[in-house]
Amino acid sequence: MIGLISATAAGAAARDRLAAAWPDRTRVYEGPVADAVRSAFAECERLVCFLATGAVVRLVAPLLDDKRTDPGVVCVDEGGRFAVSLVGGHGGGANELARAVGEVLGAQPVVTTATDAVGLAGLDTLGLPVEGDVAGVSRALLDGEPVALRAEVAWPLPPLPFAADGAYTVRVTDRAVAPSGREVVLRPPSLVVGVGASRGAPVDEVLALVEAALHEAGLSAASVAELATVDAKAEEPGIVGAAARLGVPLVTYPAHALAGVEVPNPSDAPLAAVGTPSVAEAAALVRGGELLVPKRKSAAVPATATCAVVRRPERGRLAVVGLGPGARDLVTPRARAELRRASVLVGLDQYVDQIRDLLRPGTRVLESGLGAEEERARTAVEEARRGHAVALIGSGDAGVYAMASPALAEAGDDIDVVGVPGVTAALAAGAVLGAPLGHDHVSISLSDLHTPWEVIERRVRAAAEADLVVTFYNPRSRGRDWQLPKALAILAEHREPTTPVGVVRNASRADESSRLSTLAALDPATVDMMTVVTVGNTATREIAGRMVTPRGYRWQEDPATRRSPAAASRTSGSGTSESEKPEENL
């Protein structure tokens with residue numbers, strides 16, 4: 001919960017705007033300011049104080065105890081110009097909160113944490129449990145002193161300037177080791193604990209068994225990613241309770257899936273009870289990995305629980321990121337976050353140039369020129385398989401005529417893949433033209449470099465016969481000058497010569513240009529590869545210089561009986577007007 005405190009009418013107005021934007025995340029504290037701050041500090045994970053910075057400093061100073069547990073505090077000035085991360089920038093989440101508050105209120109976030117100021121990833125912001133000399137090792141990274149990475153478990157990390165050796169160390173391990181001086185230990189979620197239990201097994205017995213297995217194997221409970229069991233035990237209270245007390249999810253698998261897993265210690269008892277000769281070992285091993293602790297039973301007599309521990313296979317991370325049509329403000333916040341998370345960036349050289357300034361220092365960039373899409377996809381997957389955090393970038397949406405398809409064709413289930421959507425060229429061009437995609441529509445690439453023309457022509461003809469609005473990608477190049485005229489001729493067999501056609505070049509970029517034409521008047525020679533061509537359907541009209549496709553076909557009714565869309569919806573007899581029906585998310 002985020003506590004909100006203000007003292008003046010101006011502060012209260014900004015406070016109420018934030019509360020309205022985040023109704024389920026915030027709580028307003030009224031009354032004397034000092035009392036409100038004390039109460040919020042004790043009850044909330046984070047605070048936003050609409051007060052002078054000096055006043056907030058004096059109010060929270062006596063309350064501070066430990067930066068690892070204190071709530072993050074953000075201070076917003078009376079004018080709502082700045083959102084200052086005051087206390088708990090990393091551990092308390094104040095830096096992230098300051099940026100989020102800034103987006104809602106239009107305020108400038110002010111973050112003074114040293115690592116954020118120079119673009120380094122904070123060791124306590126990596127999403128992993130962290131122990132040791134975080135301040136000292138972070139200071140060494142900032143000062144350029146050599147910091148060695150000791151990765152006993154490969155895990156995708158953001159770019160950090162690690163050295164081959166050094167007086168300071170970052171150790172990535174799932175073993176129960178205490179950090180030495182000048183060392184930070186990161187705990188990756190690399191362990192899976194398989195659990196089996198008889199009906200009614202006590203939660204304390206299950207938990208004690210798991211903790212003993214980890215302790216005796218020298219493994220850290222902070223690296224347990226999940227408890228796993230058979231579907232039949234999905235609601236067994238002892239197992240559910242143990243997962244809750246460990247703070248990890250409970251994952252279950254069908255008995256037939258576990259029965260197919262080869263294990264060292266099968267048994268007839270679970271086969272008879274739940275349909276698989278192994279629960280604990282099979283549930284831990286079903287997704288592969290190294291068996292660190294074979295099946296063991298709890299200490300109770302009779303024993304009612306079993307467990308096994310597996311270290312998951314090394315997994316890299318591949319984010320396939322759509323950068324949008326070109327304008328910087330159409331790069332989504334999620335795309336920006338993935339670019340900053342990646343230690344390796346793979347992309348077309350001209351796209352890399354567009355976002356190079358968004359990368360963290362130390363990001364390894366692998367760029368290549370036009371025509372190397374499959375090579376880039378292979379490179380990105382190979383880097384992810386080496387355990388890196390990789391971002392593979394493309395324009396528009398990475399899944400639309402871009403890099404997601406070749407990358408996912410190369411990737412297996414041995415890496416984690418994340419798709420980051422982007423604004424497509426068709427959507428950007430549609431926004432420039434007006435509302436040409438207001439009804440059913442289709443995008444078709446006219447490039448026959450990868451698709452035979454016979455297939456493309458069949459798709460164009462189908463779209464023409466189905467009366468779909470058509471957006472043409474890759475419409476014309478120096479070596480392909482006949483495909484667009486042919487496609488337009490096919491559409492003309494089914495649509496009037498006056499059908500609106502929108503032409504947008506470099507949508508959203510500085511040299512953007514657009515024009516409206518018609519199916520009969522469009523000169524294909526004025527179109528190139530940087531252009532998107534949108535051809536309307538039989539209902540599309542030009543209205544006030546804009547291209548508009550209505551959400552229904554009422555404009556095509558007989559003129560003698562034609563009614564306005566508003567009037568028709570009022571008398572449709574359905575009891576609900578068209579304007580009141582929820583839009584489908586196409």
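Residues numbered from 1 in each chain as written. Predicted model: local features only at pLDDT ≥ 70, side-chain atom pairs only at ≥ 80, totals over all residues. Heavy atoms only, no water.

Even after reading the chapter, I still don't get the packing of helix α7 (residues 203–216) against helix α8 (residues 237–246), so can you show me in this structure?
Each packed pair of helices is defined by two parameters, the angle between the axes and the distance between the axes. Between α7 and α8, the shortest axis-to-axis distance is 8 Å and the interhelical angle comes to 55°. As the angle between them shows, α7 and α8 are arranged oblique. Helix-helix and strand crossings are classified by hand; for α7 and α8 the assignment is right-handed. Residues Val203, Asp204, Val206, Leu207 and Val210 of α7 lie in contact with α8, whose contacting residues are Gly238, Gly241, Ala242, Arg245 and Leu246. (Axes fitted to C-alpha atoms, helices over the stretch in contact; angles between N-to-C directions. Helix = DSSP H or I, 4+ residues; strand = E, 2+ residues; numbered from the N terminus. Parallel < 35°, antiparallel > 145°, perpendicular 65-115°, else oblique. Left-handed = near helix turned anticlockwise from the far one by under 90°. Contact = heavy atoms within 4.5 Å.)

Could you clarify how one ought to interpret the packing of aromatic side chains in this entry?
One pair of aromatic rings is described through two measures. These are the centre distance and the angle between the planes. Tallied over the full model, the rule gives 2 aromatic pairs. Taking 4.7 Å as the distance between ring centres and 55° as the angle between the ring planes, the aromatic pair formed by Tyr401 and Tyr473 counts as tilted. Taken together, the residues Tyr401 in the loop between β19 (389–394) and α15 (404–410) and Tyr473 in strand β23 (residues 469–473) connect sequence positions 72 residues apart. For Tyr401, a relative accessible area of 43% corresponds to the partly exposed category. Residue Tyr473 is classed as buried on the basis of its relative accessible area of 11%. Consider the rings of Trp453 and Trp482, whose centres lie 5.0 Å apart with planes at 70°: the pair is edge-to-face. With Trp453 in helix α17 (residues 453–465) and Trp482 in the loop between β23 and α18 (483–492), this residue pair connects regions lying 29 residues apart in the sequence. On the basis of relative accessible area, Trp453 is assigned to the buried category, the value being 10%. Since its relative accessible area comes to 42%, Trp482 is described here as partly exposed. The lysine or arginine in question, Arg25, covers the ring of Trp22, its NZ or CZ lying 4.3 Å from the ring centre. (Phe/Tyr/Trp six-rings, centres within 6.5 Å; stacked < 30°, edge-to-face > 60°. Buried < 20%, exposed > 50% of the residue type's maximum accessible area, 1.4 Å probe, protein only. Lys NZ or Arg CZ within 6 Å of the ring centre and 35° of its normal.)

Sorry, what's going on with the sheet that holds strand β22 (residues 441–445) here?
The 5 strands are arranged β22-β23-β26-β24-β25 in an open sheet whose pairing can be described as mixed. Because the sheet does not close on itself, it has two edges, and the strands there are β22 and β25 (513–518). On average, adjacent strands in this sheet sit at an angle of 20° to one another, irrespective of strand direction. Here 5 bridges tie β22 to β23, and the two strands are oriented parallel to one another. (Pairing = 2+ DSSP bridges.)

Would you mind going over a negative patch on the surface with me for this structure?
Negative charge collects at one region of the surface, where Glu373, Glu374, Glu382 and Glu410 lie side by side. Examining the composition of the negative patch, we find that 3 residues originate from one element, helix α14 (residues 373–385), more than from any other. Taking relative accessible area as the criterion, Glu374 reaches 52% and is therefore assigned exposed. (Patch = residues over 30% accessible without salt bridge, like charges linked within 9 Å, V, L, I, M, F, W, Y side chains within 5 Å. Areas by Shrake-Rupley, 256 points an atom, 1.4 Å probe, with all protein chains shown as cover. Salt bridge = Lys/Arg side-chain N within 4 Å of Asp/Glu carboxyl O. Lys, Arg positive; Asp, Glu negative; His and termini not counted. Charge placed at Lys NZ, Arg CZ, Asp CG, Glu CD.)

Can you help me understand the nonpolar core in this one?
Here is a general trend for soluble globular proteins: nonpolar side chains tend to be buried in one another's company. One finds Val193, Val195, Leu214, Val224, Leu227, Cys307 and Val309 to be the most contacted residues of the largest nonpolar core, which totals 22 residues. Those elements giving two or more residues to this core turn out to be β11 (191–197), α7, β12 (224–230), α8 and β15 (305–311). Residues within four places of Val224 in sequence aside, it is in contact with Leu191, Val193, Leu214 and Val248. Core analysis: the next-biggest nonpolar cluster, separate from the first, contains 21 residues, Leu446, Trp453, Ile490 and Leu522 among them. (Core = buried A, V, L, I, M, F, W, Y, C linked by side-chain atoms within 4.5 Å.)

What is the right way to read the sheet that holds strand β4 (residues 72–76) from this model?
By definition, the strands of a sheet pair up through backbone hydrogen bonds, in either a parallel or an antiparallel sense. Ordered in space as β2-β1-β3-β4-β5-β6, the 6 strands form an open sheet in which the pairing is mixed. Only two strands of the sheet have a single neighbouring strand rather than two, namely β2 (26–28) and β6 (108–110). Each strand of the sheet is rotated relative to its neighbour by a mean of 25°, with strand direction disregarded. Taken together, the 3 bridges between strand β1 (residues 2–6) and β2 define a ladder with parallel strand orientation. By the bridge assignment for β2, Leu4 is matched with Val28. On the sheet, helix α3 (residues 53–60) packs against β3 (46–50), β4 and β5 (82–87) and is oriented at approximately 25° with respect to β5.

Could you clarify how one ought to interpret the pattern of salt bridges in this entry?
Should their charged atoms come close, side chains of opposite charge can pair. Counting across every chain of the model gives 25 salt bridges. Between Arg385 and Asp414 there is a salt bridge, with the nearest N and O atoms lying 2.9 Å from each other. Within this pair, whereas Arg385 is found in helix α14, its partner Asp414 is found in the loop between α15 and β20 (416–420), the two being separated by 29 residues in sequence. In this structure, Glu457 and Arg461 form a salt bridge, with 3.3 Å as the shortest nitrogen-oxygen distance. Here Glu457 pairs with Arg461, and both are found in helix α17, just 4 residues apart, close to one helical turn. What emerges from the salt-bridge pattern is a single network uniting Arg15, Asp16 and Glu30.

Got a minute to help me understand the side chain of Arg187 in this structure?
Structurally, the position occupied by Arg187 is in the loop between β10 (183–186) and β11. A distance of 3.2 Å separates the side chain of Arg187 from the side chain of Glu131, its partner in a polar contact. Within the local environment of Arg187, its side chain forms a polar contact with the backbone oxygen of Val177, the two atoms lying 2.7 Å apart. (Polar contact = N/O pair within 3.5 Å; in protein donor to acceptor, adjacent residues only side chain to side chain.)

Help me understand the side chain of Ser6, please; the structure alone is not making it clear to me.
Following the sequence through the fold, Ser6 ends up in strand β1. What makes Ser6 buried here is its relative accessible area of 11%. One polar contact links Ser6 to Arg15, side chain to side chain, over a distance of 3.1 Å. Discounting residues that sit within four places of it in the chain, Ser6 has contacts with Gly11, Ala12, Arg15, Val33, Phe50 and Leu51.

Looking at this structure, how should I read the pairing of strand β26 (residues 531–535)?
The side chains of a regular strand alternate, residue by residue, between the two faces of the sheet. Taken across its 5 residues, β26 has 5 buried, putting it largely inside the fold. Every second residue of β26 is oriented toward a common face, with Thr531, Val533 and Val535 on one face and Val532 and Thr534 on the other, all of them buried. Across 3 bridges, the pairing between β23 and β26 is antiparallel. Within the sheet, the bridge partner assigned to Val470 lies in β26 and is Val535.

Honestly, the environment of Arg378 in this entry has me stumped. Any pointers?
Within the element layout of this structure, Arg378 appears in helix α14. Separated by 36 residues in the primary sequence, Arg378 and Asp414 have C-alpha atoms spaced 14 Å apart.

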